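# Examining the three-dimensional arrangement
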Amino acid sequence: MRVIAGTAGSLPLKAPEGLDTRPTTDRIKETLFNMLQPYIPGGVFLDLFSGSGAIGIEAISRGAEKAYFIDNSPKALACIRQNLTFTKTANRAIVLKQDVCSALSGIREGKVDIVFMDPPYGCGYEKSVLSQLRESDYITKDTLIIVEADLKTDFSYLSELGFYIEKDKRYKTNRHVFLKRSGTDVSSD
């Protein structure tokens, strides 16, 4: 696993020990960031369920102004901090040791450009996080939210929460679902 491009390009990254994380492969990460590149320069990036921090570090390496890394695993947080130090990207990183939903309510940004989440598969965290993001002022109609999920994950509830699928990129065993906030405020019904 490595940083693909940018200021930290080609640098190797560590992954937390154990089976609790599934690092995104370099090939899938490269495909993802080719799609994200127009949104990254100068932007604010949220890496939820960060694991190794590889996705947020890639965003910083490619020009994000700031990235938040949110995870509550001590092993993951130690790994994220090591990777940030090694890649010399720590000065643009905010690492939060919290439950993702709790951490989201404490973020004070005018606007977040990209939210990436890679929650444990099959646990339903996606809906809880999206419910929290729906209430966040920093999520605008221009914010791009990407959910890494298994191929069977149900997203039929999205319109109820005020989101829609802009793109659904499928791979062999998983997918990246690109979401945006709907233009209308669904909470006023």
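Residues numbered from 1 in each chain as written. Predicted model: local features only at pLDDT ≥ 70, side-chain atom pairs only at ≥ 80, totals over all residues. Heavy atoms only, no water.

### Observations concerning the overall build of the chain
In terms of helices and strands, the chain carries six helices and seven strands. Each helix and strand of the chain, ordered N terminal to C terminal, gives the series α-β-α-β-α-β-α-β-α-β-α-β-β. Taken over C-alpha atoms, the radius of gyration comes to 15 Å for the chain, in line with the 16 Å a tight globule of 189 residues would show. Oriented by its inertia axes, the alpha-carbon framework of the chain measures out at about 50 × 35 × 30 Å. Each of the 189 residues in the chain was classed as buried or not, and the buried ones make up 48%. Sequence-distant contacts, at least 24 apart, represent 67% of the contacts inside the chain between residues at least 6 apart. Within the structure as shown, the chain displays about 9100 Å² of accessible surface, and the carbon and sulfur contribution to it stands at 49%. (Helix = DSSP H or I, 4+ residues; strand = E, 2+ residues; numbered from the N terminus. Rg over C-alpha atoms; globule rule 2.2 N^0.38 Å. Buried < 20%, exposed > 50% of the residue type's maximum accessible area, 1.4 Å probe, protein only. Contact = heavy atoms within 4.5 Å. Areas by Shrake-Rupley, 256 points an atom, 1.4 Å probe, with all protein chains shown as cover.)

### Side note on the packing of aromatic side chains
A ring pair, where both rings are aromatic, is described by two values, the distance of the centres and the angle of the planes. One pass over the structure, following the stated rule, counts three aromatic pairs. Seen in terms of ring centroids, Phe33 and Phe45 are 6.4 Å apart; in terms of plane orientation they differ by 20°. Their pairing is stacked. Residue Phe33 is found in helix H1 (residues 26-36), and its partner Phe45 is found in strand E1 (residues 44-48); the two are separated by twelve residues along the sequence. The buried category is assigned to Phe33, whose relative accessible area is 0%. (Phe/Tyr/Trp six-rings, centres within 6.5 Å; stacked < 30°, edge-to-face > 60°.)

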